[in-house]
Amino acid sequence: MTLKLKTFSPGGVIPPHKKKKTEHRVIEDAVIPKTVVLPLSQHAGAPAKPIVEVGQEVKVGELIAEPSAFISAPIHASVSGKVIAIEPRMTFLGKTMDGIVIEADEEQGELPKINRNVNELTVAQIQQIVRDAGIVGLGGAAFPTNVKLAPPKDTIIDTVIINGCECEPYLTCDHRQMLENADELVGGTKLLLKAVNAKKAYIGIETNKLDAIELMLEKTKNIDNIDVAAVETRYPQGAEKQLIQAILGREVPTGALPSSVGSLVQNVGTTIAIYMACAFGKPLIERVITVSGESIAEPKNLRVRLGTPIEDLINQCGGLKEDVMKVVVGGPMTGFAIYDFSIPVTKGTSGILALSKDEIDVKEQDVCVRCGSCVRGCPMGVEPLFVNARVQLGLIEEAVDLGLLNCCECGICAYVCPSNIPLLQSFRFGKALNAEMQTKKQANSSEKKQKD
Amino acid sequence: MDQKQVFITSSPHFSANGSVPEAMRDVIFALIPISFMSIYIFGLNALLLIIISIVSAILSDMFIRRVLGKKSTIGDWSAILTGIFVALTLPPIAPWWVAVVGTFVAIVVAKELLGGLGYNIFNPALVGRAFIHASYGGALSLWLAPFWWKATSFFDLAYPKAIGNNIVTASLQAGTLDNITGATPLALIKPALAAAGAKPSYLEMFLGFTRGSLGETSALALLIGAAYLIYKGHINLRIPISFIVILSAVVMISGGDPLYHTLSGGVIIGAFFMATDWVTSPVTPKGEIIFGMGCGLLTALIRLYGGYPEGVYFAILLMNAVSPLIDKYVKPRRFGEAMS
């Protein structure tokens with residue numbers, strides 16, 4: 001039992017939790033929507049390829065799109081119904097993407113079950129099941145999990161970390177899953193340990209979830225190789241690299257993966273999904289999200305079918321109040337503000353926040369007074385004020401030297417700035433300019449090669 | 001559904017409390033104790049200097065913003081703050097026009113003409129003070145005794161009066177004041193000045209019952225204000241402590257009294273209020289420590305071996321010039337990269 005309080009350094013900030021509205025609300029099943037829109041890319045990597053046609057009848061859990069590359073993931077029908085379109089639809093990123101639109105049947109039927117004895121599964125079987133079930137990282141990055149479970153041959157993973165931090169304010173979906181699906185979480189952890197042949201697993205939980213810490217301690221007290229690691233409640237404690245540093249004291253080098261320091265990090269939701277896939281053959285067709293914020297009438301934690309339009313969920317939570325100023329998909333620090341409420345919930349959606357004017361604190365932008373708050377808050381050791389000054393002047397190479405590409409986009413710099421300077425937006429712009437420059441450079445140098 | 005009007009911006013979607021005007025207001029609050037103490041110790045002189053400085057600072061700000069064609073920044077409280085700081089660096093006998101010139105130079109030259117708030121290299125109030133010091137030294141070399149006004153009344157005003165080739169202290173109600181001016185605590189320990197008088201006790205220096213500028217007296221009042229700023233998170237102890245530690249170390253090495261040095265002159269106001277100014281000090285924690293140490297070292301060297309009895313203001317200005325260099329070379333460690 002490890003209960004010493006751990007944390008990361010440098011940087012970090014402690015924003016208000018805002019979790020009181022939903023941390024004690026039991027997860028409710030959302031109403032099955034009339035139509036679902038399943039984008040072909042709900043994961044990092046290549047979009048999936050559809051294997052169904054318009055007009056085709058599909059059953060819930062049926063495979064409807066195949067992975068198209070090594071780093072890709074399949075998509076399954078989240079409801080039984082008829083495919084009525086495969087066309088571009090709006091996503092939370094503000095751009096349209098091809099998606100499979102299914103009109104749900106009145107009668108939904110049961111999801112088929114395949115009961116397995118998880119203890120008898122081999123490593124290869126576990127990896128195949130995880131890939132076939134379409135499981136991707138549910139913490140938000142949506143990276144195909146089976147790729148994470150198969151690191152290169154010479155990489156040894158000795159520790160698995162289950163990420164139960166949920167450091168973003170408002171969100172409580174992981175917290176509730178730890179409390180309500182604790183057995184499945186432990187089962188999934190054991191499967192992960194087996195899949196990567198690791199010696200030990202830690203369940204990292206922030207101290208603002210004492211009930212979850214207590215429950216997980218209880219569930220793992222007789223399991224030697226699974227421990228609970230209580231970590232300080234600080235943002236971004238749940239960021240992969242920061243969590244590894246806090247629990248194991250190892251720093252993942254710039255540009256490298258957690259496997260390079262022998263660790264594998266998986267979100268609580270992902271781990272539970274892995275168990276459900278292995279034990280019951282359940283593909284990824286639903287996930288838990290938190291609907292919260294001052295401007296939603298009834299905040300809730302909902303178990304939602306993938307592809308459900310956001311407006312359905314807003315209605316189920318009593319609707320938006322008059323004072324709503326922003327609707328955000330995800331958390332307030334890294335989420336996406338949206339204006340089109342027909343967009344669907346996807347594998348990476350963790351929350352829907354209806355924020356009022358008081359919550360988003362609209363302030364006018366002022367001049368940089370070199371207070372150093374951004375420098376003290378940055379967990380990556382970048383100096384945001386200097387990088388921003390270079391980006392604003394178009395000096396992208398200097399900005400890269402000063403650490404532009406090390407930025408993990410946590411949002412702390414813009415959050416703490418007393419002058420309300422949109423630092424993160426500036427860095428995203430700078431990174432885009434840099435990518436453009438790199439593409440041009442590569443095009444020029446390959447042109448030169450052709451000429452020689 | 002009935003579509004509501006919503007905003008779209010990049011994340012993050014909320015922000016911590018705090019703004020630049022709020023921080024400025026907090027510093028003004030923090031300076032209230034020392035301002036009241038200085039009025040209590042030196043009388044109407046102090047009150048008028050503070051008021052005239054503030055008014056002049058505001059008018060200078062409005063003037064230069066109008067001339068430069070920029071919108072007014074009175075609302076950010078920085079002009080009022082600079083006005084108070086300039087007043088606190090002045091001796092109580094300073095004539096009213098010294099306050100006007102000092103604040104004008106501070107706001108117009110040191111701040112606005114260098115780019116405005118956030119772009120100035122030097123602490124504006126200290127530049128104003130340095131200008132006055134260089135231009136009107138004579139008017140500033142008379143130091144009133146604490147509670148001199150009790151001999152006449154609070155509403156008595158002291159001023160420098162020329163009699164023949166000398167400048168002496170006079171007051172409205174009492175004519176020429178005898179035995180009122182004397183040497184500051186620092187002048188008393190400067191061998192080159194050969195000043196006469198008894199050194200004040202540590203307690204007197206701590207409470208502020210000594211000669212000096214308005215802000216050079218009560219360490220107690222200043223520390224109360226500094227504690228408020230630390231509580232609010234606007235300043236931290238890195239610069240003040242490194243300043244005072246190095247100053248004390250150099251003083252001790254040369255056989256002086258570190259406590260006497262710390263409590264005298266502008267060390268407390270300089271270390272806690274002026275060297276910690278955001279714009280003109282380094283942005284990294286390590287950089288702040290180097291900055292504070294440099295201020296302490298220069299202060300000690302000027303006081304012990306330089307021409308002036310007091311060196312805090314020049315030390316801070318010199319370190320302000322070095323601050324960008326410190327920021328250039330002192331970088332935080334990047335996460336994921338080896339310690340160099």
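Cut-offs applied
Residues numbered from 1 in each chain as written. Chains lettered and ligands numbered in written order. Predicted model: local features only at pLDDT ≥ 70, side-chain atom pairs only at ≥ 80, totals over all residues. Heavy atoms only, no water. Contact = heavy atoms within 4.5 Å. Buried area = accessible area lost by both parts, 1.4 Å probe. Salt bridge = Lys/Arg side-chain N within 4 Å of Asp/Glu carboxyl O. Polar contact = N/O pair within 3.5 Å; in protein donor to acceptor, adjacent residues only side chain to side chain. Nonpolar A, V, L, I, M, F, W, Y, C, P; charged D, E, K, R; others polar. 1 Å grid on protein atoms, 1.4 Å probe; cavity = no way out; pocket = protein on both sides within 12 Å on 5 of 7 lines; lining within 4 Å. Points joined across faces, edges and corners; volume = space filled by probe spheres on them. Helix = DSSP H or I, 4+ residues; strand = E, 2+ residues; numbered from the N terminus. Buried < 20%, exposed > 50% of the residue type's maximum accessible area, 1.4 Å probe, protein only. Patch = residues over 30% accessible without salt bridge, like charges linked within 9 Å, V, L, I, M, F, W, Y side chains within 5 Å. Areas by Shrake-Rupley, 256 points an atom, 1.4 Å probe, with all protein chains shown as cover. Phe/Tyr/Trp six-rings, centres within 6.5 Å; stacked < 30°, edge-to-face > 60°. Axes fitted to C-alpha atoms, helices over the stretch in contact; angles between N-to-C directions. Parallel < 35°, antiparallel > 145°, perpendicular 65-115°, else oblique. Pairing = 2+ DSSP bridges.

Chemist: Describe in detail the interface of chain B and chain A, supporting the description with residues and values.
Modeler: Facing 37 residues of chain B, the contacting portion of chain A comprises 68 residues. Across the interface of chain B and chain A, roughly 4500 Å² is buried in total on both sides, 57% from carbon and sulfur atoms. Applying the counting criterion to the chain B and chain A interface returns three salt bridges. Along the contact surface separating chain B from chain A lie 23 residue pairs in polar contact (both at pLDDT 80 or more). For the side of chain B that touches chain A, the class distribution of residues is 17 nonpolar, 13 polar and seven charged.

Chemist: Give a description of the layout of surface pockets that names residues and reports values.
Modeler: By volume, the second largest pocket amounts to about 1100 Å³. In terms of lining, the second largest pocket is formed by 44 residues, of which the most central are C371, S373, V375, R376 and G377 of chain A. Elements with a contribution of two residues or more to the lining of the second largest pocket: α10 (373-377) of chain A together with α1 (20-30) and α13 (285-305) of chain B. By residue number, the principal contributor to the lining of the second largest pocket is α10 of chain A, which donates four residues. A breakdown of the residues in the lining of the second largest pocket according to their chemical character gives 18 nonpolar, 15 polar and eleven charged.

Chemist: Outline α1 of chain B, supporting the account with residue identities and numerical values.
Modeler: All names here are of chain B. In terms of burial, α1 is largely enclosed, as eight of its eleven residues are buried. Considered for burial, the residues of α1 that qualify are V20, P21, A23, M24, D26, V27, I28 and A30. Where α1 is buried, its residues meet α2 (32-42), α4 (78-88), α9 (219-231) and α12 (267-274).

Chemist: Outline a nonpolar patch on the surface, listing residues and values.
Modeler: All names here are of chain B. Taken together, the side chains of F63, V67, L68, F104, V109 and L113 make up a nonpolar region of the molecular surface, amounting to roughly 530 Å² of accessible area. Those elements that place two or more of their residues in the nonpolar patch are α3 (44-68) and α5 (96-111). With three residues, α3 is the single largest residue contributor to the nonpolar patch.

Chemist: So what's going on with the pattern of salt bridges? Which residues, and what values?
Modeler: All names here are of chain A. Taken as a whole and assessed by the stated rule, the structure comprises 25 salt bridges over all chains. A salt bridge links E409 to R428; the shortest N-O distance between them is 2.8 Å. Here E409 is found in the loop between α12 (396-401) and α13 (412-416), whereas its partner R428 is found in helix α14 (residues 423-451), with 19 residues between them in sequence. In this structure E409 comes out as partly exposed when scored by relative accessible area, which is 24%. Looking at R428, the relative accessible area reads 27%, which means it is partly exposed. Residue K431 is joined to E409 by a salt bridge in which the shortest nitrogen-to-oxygen separation is 3.0 Å. Linking K431 in helix α14 with E409 in the loop between α12 and α13, this pair joins segments that are 22 residues apart in sequence. A network of salt bridges, in which partner residues are shared, links E28, E298 and K300.

Chemist: Tell me about the packing of aromatic side chains, and name the residues and values.
Modeler: Counted under the stated rule, the structure contains ten aromatic pairs over all chains. With 5.1 Å between their ring centres and 50° between their planes, Y415 of chain A and F14 of chain B make a pair best called tilted. Taken together, the residues span two chains, with Y415 of chain A in helix α13 and F14 of chain B in the segment before α1. Both residues of the pair, Y415 of chain A and F14 of chain B, belong to the buried class. Ring centres of F154 of chain B and F155 of chain B lie 5.4 Å apart, and the angle between their planes is 85°; this geometry places the pair in the edge-to-face category.

Chemist: Account for the packing of α12 of chain B against helix α14 (residues 312-329) of chain B, naming residues and giving values.
Modeler: Residue and element names in this part refer to chain B. Taken N-terminus to C-terminus, the directions of α12 and α14 make an angle of 25°; their axes are 9 Å apart at the nearest point. The angle between the axes of α12 and α14 places the two elements in the roughly parallel class. Two secondary-structure elements touch here, α12 through V267, I269, G270 and M274 and α14 through V312, Y313 and I316. The residue makeup of the contact of α12 with α14, split by class, is six nonpolar, one polar and no charged.

Chemist: Quick rundown of unusual backbone geometry? Include the residues and the values.
Modeler: Following Y235 of chain A, the chain continues to P236 of chain A via a peptide bond in cis, the omega torsion being 0°. Residue placement: P236 of chain A occurs in the loop between β12 (226-231) and α6 (240-248). Between S11 of chain B and P12 of chain B the backbone carries a cis peptide bond, its omega angle lying at -5°. For P12 of chain B, the location among the structural elements is in the segment before α1. Although it is not a glycine, R370 of chain A sits at a positive phi angle of roughly 55°. Relative to the assigned elements, R370 of chain A resides in the loop between α9 (357-360) and α10. The phi dihedral of E409 of chain A is positive, around 60°, even though this residue is not glycine.

Chemist: Explain the environment of S10 of chain B to me, using residue names and the numbers behind them.
Modeler: Mapped onto the elements of the fold, S10 of chain B is located in the segment before α1. For S10 of chain B, the contacting residues outside a window of four places in its chain are Q425 and R428 of chain A. Here R428 of chain A takes part through its side chain, which lies 2.9 Å from a polar atom of the side chain of S10 of chain B.

Chemist: Explain the sheet that holds strand β6 (residues 63-66) of chain A to me, and be specific about the residues and the numbers.
Modeler: Residue and element names in this part refer to chain A. Reading across from one edge, β4-β6-β7 is the order of the three strands in this open sheet, with antiparallel pairing throughout. Looking along the sheet, the strands with just one partner apiece sit at the ends: β4 (49-50) and β7 (75-76). For β4 and β6, the ladder comprises two bridges, and the chain directions are antiparallel. Following the sheet pairing, P50 is matched in β6 by A65.

Chemist: Summarise the sheet that holds strand β17 (residues 336-338) of chain A; cite the residues concerned and give the values.
Modeler: Residues and elements named next belong to chain A. Across the sheet, which stays open at both edges, the six strands sit in the order β2-β15-β14-β18-β16-β17 with mixed pairing between neighbours. At either margin of the open sheet sits one strand with a lone partner, and together these are β2 (28-29) and β17. Its contacts with the sheet place helix α3 (residues 173-180) against β14 (286-292) and β15 (300-305), and it is angled at close to 125° to β14.

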